[in-house]
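Each chain, written out:
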Amino acid sequence: MKTLVLGAVTAALLHITPTVVLVKRQDAVAHLLPGADQFAAREVHVSSADSRRIHDAVGWEPPDGMVTFYVGKHQDQVAGALMFMRVDCQHGPLELAIGFDPSGKIRGVEVTKATVEMKPWVLEALRAGLTDAYRGLAPDQAPAGAAKVKPRIGAMPGYMAELVDKGVMHAAAAYRLFYGRK
Amino acid sequence: MLYDLRHSDLRVRWLVTLLLATLGTSYLFGAWMVALYAGFSPRKVAETYGPAGEAVMAMQMPPETTMVSERPVSMAEMGEEMHHVDRDLLVQDTHVHMPMYAVIAACLSIIALGLAIPRWAGLSIITVLFAAPWLDFAGMWLTKLASPGFAIVTLAGGWAMALGYTIVAVIATYQMWWRKP
């Protein structure tokens, strides 16, 4: 019986906590594609060669070979593009929304989802101004939000900031390599 | 029978009853969650665990050259996330869920060991309890790696889980609280 209880407790501890929404996707879209009233999903089915290319560049490849950019337009003028990016870690997944302006620079980043366990760490990193560091970044510039906020936050929020950096880096690489493809 | 639930201490019967009630409740919410995120039809399960995108069934292999398609979407569609489990997420799901399923199957098997049922029936119940998570995850991986047709294996795993739990819960509750020969 003791072993059984111990086993159940261990399994419960191993279990990833449920996901919580920090920012609704619609709110992230409104914030990152301001003024846009027409939207299109640009779906890129990435070839093996391009998967290798992006993997060599940033150590990541699109899940199931697919990248989706949401393009926002106003009066047929492109207002920007946005992508949702998942970053996994042993505590569960984070979801980011990364918005690009028409020139390709990062307009903003929102953390849209985290797990219950990760939420307070993410919020601490956000309160320290993590996402301000990404604004105006060109797709070929390395994001360095974590380095900026780490001196002011705890170890786990710092780790969350590194994960957000990683997600932004993956999104920027995907934008640089695939957004302009026809 | 390694022990007899019918004549066990009241505390043991109470523990087993509460365990079954708690597991039953979590199974109900589990079914609700499956309905929300994956669905109960082979097509829905294949969409969740198979290749991503619009051409779910058609495009399983990466194309030779990168292909782009564009379609209009509404704000609401962008907000609606289609729950899709890619390979990395499935690795994580398998890692965190398999140990929990094993513990649940073990708990139910220990209860089954205390039931007044033939030896073959006990063996069958234990087999069903452990086969269910294996079928569940084998189906998900085969759907992803081999063919969307294997979604049926995941569904079989889910129903086997429900069947195993129901058999144990019904017999145990009856024998513990009603039938006392």
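Residues numbered from 1 in each chain as written. Chains lettered and ligands numbered in written order. Predicted model: local features only at pLDDT ≥ 70, side-chain atom pairs only at ≥ 80, totals over all residues. Heavy atoms only, no water.

S.K.: Where do I start with the pairing of strand β2 (residues 38–45) of chain A in this structure?
M.R.: A regular strand places its side chains so that they alternate between the two faces of the sheet. All names here are of chain A. Most of β2 is tucked away, with seven of its eight residues classed as buried. Strand direction decides the pairing type here: β2 and strand β3 (residues 66–74), joined by eight bridges, are antiparallel. If you follow Glu43 over to β3, its bridge partner there is Thr68. (Buried < 20%, exposed > 50% of the residue type's maximum accessible area, 1.4 Å probe, protein only. Helix = DSSP H or I, 4+ residues; strand = E, 2+ residues; numbered from the N terminus. Pairing = 2+ DSSP bridges.)

S.K.: How should I be thinking about empty space enclosed by the protein in this particular structure?
M.R.: Here the idea is plain: a probe the size of a water molecule rolls over the atoms and shows the empty space left. Residue and element names in this part refer to chain B. Inspection of the entire model under this criterion finds one cavity of 30 Å³ or more. Volume-wise, the largest cavity comes out at about 60 Å³. For the lining of the largest cavity, the secondary structure elements donating two or more residues are α4 (87–113) and α5 (119–145). In terms of residue class, the lining of the largest cavity is made up of nine nonpolar, no polar and no charged. (1 Å grid on protein atoms, 1.4 Å probe; cavity = no way out; pocket = protein on both sides within 12 Å on 5 of 7 lines; lining within 4 Å. Points joined across faces, edges and corners; volume = space filled by probe spheres on them. Nonpolar A, V, L, I, M, F, W, Y, C, P; charged D, E, K, R; others polar.)

S.K.: Can you help me understand the sheet that holds β2(A) in this one?
M.R.: The pairing of strands in a sheet comes from backbone hydrogen bonds and takes either a parallel or an antiparallel form. Across the sheet, seven strands lie side by side as β1(A)-β6(A)-β5(A)-β4(A)-β3(A)-β2(A)-β1(B); this open sheet has antiparallel pairing. Every interior strand has two partners, whereas the edge strands, β1 (19–21) of chain A together with β1 (67–73) of chain B, have only one. If you compare each strand with its neighbour and ignore which way they point, the axes differ by 25 degrees on average. Here strand β4 (residues 77–89) of chain A runs beside strand β5 (residues 92–100) of chain A; their pairing, made up of nine bridges, is antiparallel. Opposite Cys89(A), over in β5(A), you have Gly92(A) as the bridge partner. Set on the sheet, helix α2 (residues 25–32) of chain A makes contact with β2, β4, β5 and β6 (106–115) of chain A; between it and β6(A) the angle comes to about 170 degrees. Strands in contact with helix α4 (residues 119–127) of chain A are β1, β5 and β6 of chain A; relative to β6(A), the strand with the most contacts, it is inclined by about 160 degrees. (Axes fitted to C-alpha atoms, helices over the stretch in contact; angles between N-to-C directions. Contact = heavy atoms within 4.5 Å.)

S.K.: When you look at the packing of aromatic side chains in this model, what are you seeing that I'm missing?
M.R.: Working definition: an aromatic ring pair is given by the centre-to-centre distance plus the angle between the planes. In total, this model carries eight aromatic pairs over all chains according to the counting rule given. Relative to Tyr175(A), the ring of Phe69(A) has its centre 6.2 Å away and its plane inclined at 85 degrees; by these criteria the two rings are edge-to-face. Here the residue Phe69(A) occupies a position in strand β3, and Tyr175(A) occupies one in helix α6 (residues 155–179), the gap between them amounting to 106 residues. There is no split in this pair, since Phe69(A) and Tyr175(A) are both buried. By the ring-pair criterion, three or more aromatic residues cluster together here, those being Phe69(A), Phe100(A), Tyr175(A) and Tyr179(A). Cation over ring: Arg25(A) sits above Phe84(A), and NZ or CZ is 3.8 Å from the ring centre. Here Arg13(B) stacks its cationic end above the ring of Trp177(B), 5.0 Å away from the centre of that ring. (Phe/Tyr/Trp six-rings, centres within 6.5 Å; stacked < 30°, edge-to-face > 60°. Lys NZ or Arg CZ within 6 Å of the ring centre and 35° of its normal.)

S.K.: Can you walk me through the pattern of salt bridges in this structure?
M.R.: Working definition: two side chains of opposite charge can pair if their charged atoms are close together. Summed over all chains, the structure comprises nine salt bridges over all chains. As a salt-bridge pair, Arg42(A) and Glu70(B) come within 2.7 Å of each other at their nearest N and O atoms. Here the residue Arg42(A) occupies a position in strand β2, and Glu70(B) occupies one in strand β1, the pair thus bridging two chains. Classification of Arg42(A) as buried rests on a relative accessible area of 12%. Judged by relative accessible area, Glu70(B) falls into the partly exposed class, the value being 40%. (Salt bridge = Lys/Arg side-chain N within 4 Å of Asp/Glu carboxyl O.)

S.K.: It is not clear to me how a nonpolar patch on the surface should be interpreted in this structure. Could you clarify?
M.R.: All names here are of chain B. A cluster of nonpolar side chains, contributed by Leu10, Trp14, Leu18, Tyr174, Trp177 and Trp178, occupies part of the molecular surface with about 710 Å² of accessible area. By residue number, the principal contributor to the nonpolar patch is helix α1 (residues 10–37), which donates three residues. Along the chain, Trp178 turns up in the segment after α6 (151–177). Trp178 gets classed as exposed once you look at its relative accessible area, which sits at 61%. (Patch = residues over 30% accessible without salt bridge, like charges linked within 9 Å, V, L, I, M, F, W, Y side chains within 5 Å. Areas by Shrake-Rupley, 256 points an atom, 1.4 Å probe, with all protein chains shown as cover.)

S.K.: Got a minute to help me understand α2(A) in this structure?
M.R.: Three or four residues apart is the spacing at which side chains of an α-helix point the same way, because the helix has 3.6 residues per turn. Restricting attention to buried positions, one finds in α2(A) the residues Arg25(A), Ala28(A), Val29(A) and Leu32(A). Axial view of α2(A): buried residues confined to an arc of 100 degrees, hence all on one face. (Arc of directions from axis to C-beta.)

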